[in-house]
Amino acid sequence: DTGVSQNPRHKITKRGQNVTFRCDPISEHNRLYWYRQTLGQGPEFLTYFQNEAQLEKSRLLSDRFSAERPKGSFSTLEIQRTEQGDSAMYLCASSLAKARGATNEKLFFGSGTQLSVL
Amino acid sequence: SQQGEEDPQALSIQEGENATMNCSYKTSINNLQWYRQNSGRGLVHLILIRSNEREKHSGRLRVTLDTSKKSSSLLITASRAADTASYFCATPLPLNAGGTSYGKLTFGQGTILTVHP
């Protein structure tokens, strides 16, 4: 399977615990995105990387959230001191941008990690 | 805030009928994309239409774009039960948004399509 892979598929945690999600993008893709989606809503942008550089973080991403893409390949999203409001589907997507300013590329999404904070 | 808004929020039709979903957006764009999402899964890209295009076809899909009205529509012809899903329009922020926002897609709230067999 050469698509975008996300692990785990489901995560149940208690409030206050830390959680970490992993995303493996399509290997030749240079851009990697994290989105959050709650029930009945569209995906909301959290952050994205061009290679290993984190280019933008949404205001939705509080200080409890951190994302890394250490070698420009896989990425991790960590949430510290989880809150019930963090319960959502966390989606990762990747794309191949042929130029720094390219905006025409389509995104390939993983199946997401469903987080439930009790 | 969401850039695109889909209409209707939910659509229920019989197999074989056509389904039309609309999307409105706020800022200038250079392309608009439509995605599909099955329940509990990730999104799948359906079609991209550029700002200089007015209509595009892909199989049973037909997308139109009216940049003067800042709106787009997605038509699914001869619908099937397997078309049941949520459909989202998405637009990238324009290059003049500044900073490093190039290519960042913003999604609408989606249209939930149910096709009854």
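Since this is a predicted model, take the numbers as computed values, not measurements. (Residues numbered from 1 in each chain as written. Chains lettered and ligands numbered in written order. Predicted model: local features only at pLDDT ≥ 70, side-chain atom pairs only at ≥ 80, totals over all residues. Heavy atoms only, no water.)

**Some remarks on the side chain of Gln6(A)**
Residue and element names in this part refer to chain A.
Argument step 1. Mapped onto the elements of the fold, glutamine 6 is located in strand β1 (residues 5-7).
Argument step 2. For glutamine 6, a relative accessible area of 4% gives the class buried.
Argument step 3. A polar side-chain atom of glutamine 6 sits 2.9 Å from the main-chain carbonyl oxygen of tyrosine 90.
Argument step 4. Here the side chain of glutamine 6 touches glycine 112 through a polar contact of 3.0 Å, landing on its backbone nitrogen.
Argument step 5. In contact with glutamine 6, not counting residues within four places along its chain, are Arg22, Cys23, Trp34, Tyr90, Leu91, Cys92, Gly110, Ser111, Gly112 and Thr113. (Helix = DSSP H or I, 4+ residues; strand = E, 2+ residues; numbered from the N terminus. Buried < 20%, exposed > 50% of the residue type's maximum accessible area, 1.4 Å probe, protein only. Polar contact = N/O pair within 3.5 Å; in protein donor to acceptor, adjacent residues only side chain to side chain. Contact = heavy atoms within 4.5 Å.)

**Notes on the pairing of strand β6 (residues 53-57) of chain A**
Argument step 1. Direction of pairing for strand β5 (residues 44-50) of chain A relative to β6(A): antiparallel, over a ladder of four bridges. Bridge pairing in β6(A) links Phe49(A) to Gln54(A). (Pairing = 2+ DSSP bridges.)

**Observations concerning the layout of surface pockets**
Argument step 1. Of the pockets and cavities examined, the largest pocket occupies roughly 560 Å³.
Argument step 2. Looking at the largest pocket, it is lined by 24 residues, and the ones nearest its centre are Gln37(A), Leu39(A), Gly40(A), Gln37(B) and Ser86(B).
Argument step 3. Breaking the lining of the largest pocket down by element, the ones donating at least two residues are β9 (88-95) of chain A together with β9 (85-92) and β11 (111-116) of chain B.
Argument step 4. For the lining of the largest pocket, the class distribution of residues is seven nonpolar, 16 polar and one charged. (1 Å grid on protein atoms, 1.4 Å probe; cavity = no way out; pocket = protein on both sides within 12 Å on 5 of 7 lines; lining within 4 Å. Points joined across faces, edges and corners; volume = space filled by probe spheres on them. Nonpolar A, V, L, I, M, F, W, Y, C, P; charged D, E, K, R; others polar.)

**Let's talk about the sheet that holds strand β6 (residues 55-58) of chain B**
Residues and elements named next belong to chain B.
Argument step 1. Taking strand neighbours across the sheet as the criterion, the five strands line up as β1-β3-β8-β7-β6 in an open arrangement whose pairing is antiparallel. Lying at the two open borders of the sheet, with one neighbouring strand each, are β1 (5-7) and β6. For this sheet the average axis-to-axis angle between neighbouring strands, irrespective of direction, equals 20 degrees.
Argument step 2. Looking at chain direction, β1 and strand β3 (residues 19-24) are connected through three bridges and run antiparallel. Looking at β3, one finds that glutamate 6 is bridged to cysteine 23. (Axes fitted to C-alpha atoms, helices over the stretch in contact; angles between N-to-C directions.)

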